[in-house]
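# Reading the structure
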Amino acid sequence: MPSYPVNKISTPDKQVNVLQVTDLHLSTPVDFMTDNDSSNLDESTIYQHSFEKVLQQALSADMRCDLILVTGDLVNEVKPVIYDHIFKVLQATDIPFACIAGNHDVTDEVGSHLPFLQRTLVGRSTDPRLLSQHVIETDHWQLLLLDSSITGEVAGEITPDDIDWLCKRLSACDKPALIALHHHVVPVNSAWIDNHMVENSERFWQYMAAFEHLKVIISGHIHQEQVRYRQGVTVYSTPSTCYQFMPNEDSFAYDSDALPGYRWLQLGNNGKVASWIERLDT
Ligand SMILES: [Fe+2]
Ligand SMILES: [Fe+2]
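Remember, it's a predicted structure, so these values are computed and weren't measured experimentally.

### Side note on the sheet that holds strand β2 (residues 16–21)
In any sheet, the strands associate via hydrogen bonds between backbone groups, in a parallel or an antiparallel arrangement. Strand order in the open sheet formed by five strands is β4-β3-β2-β13-β14, with mixed pairing between adjacent strands. In this open sheet, the two edge strands, each paired with only one partner strand, are β4 (97–100) and β14 (273–279). Ignoring strand direction, the axes of neighbouring strands in this sheet form an average angle of 20°. For β2 and strand β13 (residues 261–267), the ladder comprises five bridges, and the chain directions are antiparallel. Looking across to β13, one finds that Q20 is bridged to R263.

### Quick word on the sheet that holds strand β7 (residues 134–138)
The seven strands lie next to each other as β1-β7-β8-β9-β10-β12-β11, forming an open sheet whose pairing is mixed. Of all the strands in the sheet, just β1 (8–9) and β11 (226–230) have a single pairing partner and so form its edges. Bridge count between strand β8 (residues 142–145) and strand β9 (residues 177–180): four bridges; the pairing is parallel. Residue pairing in the sheet places L143 in a bridge with L178 of β9.

### Looking at unusual backbone geometry
Along the chain, Y4 connects to P5 via a cis peptide bond; the corresponding omega equals -5°. One non-glycine residue, N189, adopts positive backbone phi at about 70°. Tracing the backbone shows N189 in the loop between β9 and α4 (191–194). By C-beta crowding, N189 is classed as exposed, having 12 other C-beta atoms within 10 Å.

### Points about the pairing of β11
In this sheet, strand β12 (residues 233–237) lies alongside β11 in antiparallel orientation, the contact comprising five bridges. Paired with Y229 across the bridge in β12 is T234. Counted along the chain from β11 to the antiparallel partner β12, the turn is two residues long, and its residue Q231 has a positive phi close to 50°.

### Quick look at the nonpolar core
Looking at soluble globular proteins, one finds that nonpolar side chains tend to be buried together. Ranked by internal contacts, the top residues of the largest apolar core, which has 59 residues, are I100, L178, I179 and A180. Excluding residues within four positions of it along the chain, A180 makes contact with L69, T71, I100, L143, L145 and I218.

### Observations concerning helix α2 (residues 80–91)
Compared with an ideal rise of 1.5 Å per residue, which puts 12 residues at 16 Å, α2 spans 16 Å between its outermost C-alpha atoms and is within 8% of the ideal. Taken residue by residue, α2 has I82, H85, I86 and L90 as its buried positions. Seen from one end, α2 has its buried residues packed into an arc of 130°, which puts them on one side. For α2, exposure combined with an orientation more than 90 degrees from the buried face picks out P80, V81 and K88.

### A few points about helix α3 (residues 160–172)
The terminal C-alpha atoms of α3, which comprises 13 residues, lie 18 Å apart, in line with the 18 Å expected from a rise of 1.5 Å per residue. Elements in contact with the buried residues of α3: β8, β9 and β10 (214–219).

### Describing the environment of D105
Structurally, the position occupied by D105 is in the loop between β4 and β5 (107–110). A count of 25 C-beta atoms within 10 Å places D105 in the buried class. Spatially, the C-alpha atom of D105 lies 8.7 Å from that of T151, the residues being 46 residues apart in sequence. If we ignore the near neighbours within four places in the chain, the residues touching D105 are G72, D73, L74, V75, V78, T126, D127, L130 and S149.

### Focus: the environment of A258
Inspection of the secondary structure puts A258 in the loop between β12 and β13. Residue A258 is classed as partly exposed on the basis of its C-beta count, with 18 C-beta atoms lying within 10 Å. A258 sits 12 residues away from N270 along the chain, and the two C-alpha atoms are 34 Å apart. Discounting residues that sit within four places of it in the chain, A258 has contacts with P239 and Q244.

### Some points on the environment of N103
Tracing the backbone through its elements, the reader meets N103 in the loop between β4 and β5. C-alpha separation for the pair N103 and S240, spaced 137 residues apart in sequence, amounts to 14 Å. Among all residues touching N103, those that are not within four sequence positions of it are D73, S149, E153, V154 and G156.

What counts, and at which threshold
Residues numbered from 1 in each chain as written. Chains lettered and ligands numbered in written order. Predicted model: local features only at pLDDT ≥ 70, side-chain atom pairs only at ≥ 80, totals over all residues. Pairing = 2+ DSSP bridges. Helix = DSSP H or I, 4+ residues; strand = E, 2+ residues; numbered from the N terminus. Axes fitted to C-alpha atoms, helices over the stretch in contact; angles between N-to-C directions. Buried ≥ 20, exposed ≤ 12 C-beta atoms within 10 Å, placed from the backbone. Core = buried A, V, L, I, M, F, W, Y, C linked by C-beta atoms within 7 Å. Contact = placed C-beta atoms within 7 Å. Expected span 1.5 Å × (residues − 1). Arc of directions from axis to C-beta.

Treat this as a map of the structure, not an account of what it does.
Pasting the structure below:
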């Protein structure tokens, strides 16, 4: 079983195939349920199965998977038992993996049945298994994992210390680089979710301008597929493994027709990237 967290990946063809899964939003696993709240049970069951089906479908594809990146909102309520379950499922794949925090990993929304603005946000401490300022080195790439969450808030930030760390890592290694974080760093034309992106994204982009070898940024949080370009960087967002949000809507809306999904990234040995979304088979 690969040790956690993974720091280095080497493959026979020097290409790295990354599976990104994001926004699992799991509640207490059904095996561990102690109450008989059937509405909670239904939601737990659906999201838990959806996450596990995503992994199963992705890993049964005719493609080698070298790394699984889980980009935040692993849980919908911060409880160690839920992380225990997620880590058990990921470890069973026998593939190196890494997990970073999203807003739901550091904040409980009390009253989640209420409209968004009526919920109370309660800060929680981050599970120690979630990584921050973590590097994964591959033969031809440098992967930089950041925790963009702010305790007790929905929006994210890349702190001055994070920017300093990114600049040091990008200066020290001229391999093509990928940054993975939960919150989006480019607006996606939905006012409500763009209110909750990385708050200081302009400052981040100013510092990143110096690094032409920064090629790719991947994030979650917006529960939809998006591809944007800025400063020579391709910026990907990825559907959730559970429910999806409607693209290009200024007010909160679910996209109930969109199926759970995941992203593949093939990081080539020539600095090029191929990436695409897959959706769960119905
Ligand atoms: Fe989410
Ligand atoms: Fe989020």
